[in-house]
Structures are given as C-alpha cells and as structure tokens.
Amino acid sequence: MMDCKKALSETGGDIIKAIEFLRTKGLASAEKKASRTTAEGRIGSYIHDSRIGILIEVNCETDFVSRGEIFKELVDDLAMQVAACPQVQVVATEDVAEAETGGDLEKAQDYLRKKGLSSADKKSSRLAAEGRIGSYIHDSRIGVLIEVNCETDFVGRDLAMQVVACPQVQFVSTEDVPKSIVEKEKELEMQREDLQSKPENIREKIVDGRISKRLGELALLEQPFIKDDKLLVKDLVKQTVASLGENIKVRRFVRFTLGEDTD
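Rules of the game
- Residues numbered from 1 in each chain as written.
- Predicted model: local features only at pLDDT ≥ 70, side-chain atom pairs only at ≥ 80, totals over all residues.
- Heavy atoms only, no water.
- Pairing = 2+ DSSP bridges.
- Helix = DSSP H or I, 4+ residues; strand = E, 2+ residues; numbered from the N terminus.
- Core = buried A, V, L, I, M, F, W, Y, C linked by side-chain atoms within 4.5 Å.
- Buried < 20%, exposed > 50% of the residue type's maximum accessible area, 1.4 Å probe, protein only.
- Axes fitted to C-alpha atoms, helices over the stretch in contact; angles between N-to-C directions.

Draft legend 1. Focus on the pairing of strand S2 (residues 52–60). Here 9 bridges tie strand S1 (residues 40–48) to S2, and the two strands are oriented antiparallel to one another. Paired with Ile47 across the strands is Gly53, a residue of S2. Where S1 folds back onto S2 in an antiparallel hairpin, the turn is made up of 3 residues, including Asp49, whose phi is positive at roughly 55°.

Draft legend 2. Fine view of the nonpolar core. Ranked by internal contacts, the top residues of the largest apolar core, which has 21 residues, are Ile146, Leu159, Val163, Leu220, Leu221, Val250 and Phe253. Secondary-structure elements contributing two or more residues to this core are strand S4 (142–149), helix H7 (153–165), helix H10 (233–244) and strand S7 (249–257). The leading source of residues in this core is H7, at 4 residues.

Draft legend 3. Summary view of the sheet that holds strand S3 (residues 132–138). One open sheet holds the 3 strands; their spatial order is S3-S4-S7, and the pairing between them is antiparallel. The sheet terminates laterally at S3 and S7, the two strands that pair on one side only. Averaged over all pairs of adjacent strands, the angle between strand axes in this sheet comes to 15°, irrespective of strand direction. Where S4 meets S7, 8 bridges bridge the pair, whose relative direction is antiparallel. Residue pairing in the sheet places Val144 in a bridge with Arg255 of S7.

Draft legend 4. Structural detail: unusual backbone geometry. The backbone phi angle of Asp139 is positive, close to 55°, even though this residue is not glycine. For Ser140, which is not a glycine, the phi torsion comes out positive at approximately 60°. One can find Ser140 in the loop between S3 and S4.

In structure tokens form, the structure reads like this:
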C-alpha cells in the first residue's frame, strides 16, 4: 500500500504512470536481489522421448521459495528450454572461458555459436543409438541423469538411484578411471609405512589389491545394488541382458548436488 501511495505521489496521481513507476522499481529491486546469496534452490530434470536428458540447478535465497509452485515451474521450464536449444553450452556468456574470448562479449557470442555448432555435429552421429536416458532426483537436492543403452525404463531409474546413493562413484567402470588417478593411487600406496618392511614382490601384490579395491569404490558397476546388496550392479546388468536377450551398456551419468562447486 505504501509503495502504491508513493507511486501515485511521484506521478501526480496518473495511474498508468504509477504502474510504470512500480514496474521500473520492481525491476530495479530484482537487480539488487541478484547480488544476494542464493544458497537454496532446486535440482530439476527433463527427459524428452527418453533420448534427450537435462539436469539443471537453479538457486534462490530461501527454502520456502524453492518449495513453492512458482519456483518449481521455473525450474521445469528452464530444463525444457535447455532440451529445446541443443546449441546452448553454458548458462551465460560470462561463463565462457576467459582464455577463449579475453572477456570480449561479441567474441564470446561467436565462440559459443561455433562451439555449439561443432558440438551439435558430433552429437548428431550418436542419435541412432538405442536405449534410454533415465533420471532420479532426491528431495530436489541431489539429481542424476544416466544413459543406458537398452530398452527398459526401470533399469535406467534404478541405476540413477544407485548413483545418488553412492556419492563416491565417479565412473561407470574401473576401465574408465584415468591412468593418472591409478598412478597416483599406486604412488600413495607404495609409500604406506606398513609396506616398507615387505619384500618388493609382496608389496606389489598388496598394492595391486588395494588399488583394485579403491577403483571398485569409484566405479558404478562394482557397487552393491541398493535394492539387493548381495548383487553387484554389473551382475544386475548381466541379469537384465539375460532377460531381454540383447546387449546392454551403461554409457555415462552426471550427478548434481545442490550448491556444489562445479569448478
């Protein structure tokens, strides 16, 4: 009421100008709010025809707002927007690598366009692959998208839930773990005090065993299945292969945790 009264006072009682005054003030207020900390929010997903999957994090200031229908609708709309715009690579032009554009906005836009077209060309050759993209979101705070090259819904969702339940998992299989990580783990293990008195050949065997265990902790396929801990995920996949009579491959996944630093 006070804002309306002030608007009318500022505009000499002209209702139309008062509305414009309030709109202008609202936009200015929104710009001020943009600089405030947004520690809350939601993780949302959108999957189109089981072939295009989007996982998106949108932040706000309070948990109250994040659980409201207006905010939920915004997150859903933004996820659909990204799915509809295959050329989009980043949230804003400011996110383009400084080294690529030197902070020049026009160069940044050109860079995004070229990068997007190049990326789209690469992706177009993969569209013929059969399978599904599945998602699972826990309490709007942890979200996973996973691509499984198969023809069943439940497998994709179960594996997405598995990734949410195993925050230490970073790769699909042990074969996907980069050599640099393996070498670093080996270097650390070889320096352990409890191995220094062991003969060289014994040390090697112990280290290999420990590294194998560590890599298993990082790989999705090596995890005990959350719905049956006597069954490894890789065995679940094998059982499904036997049931369907055709090959299945867990191709990739991505995990978002609300507020997590992406750098």
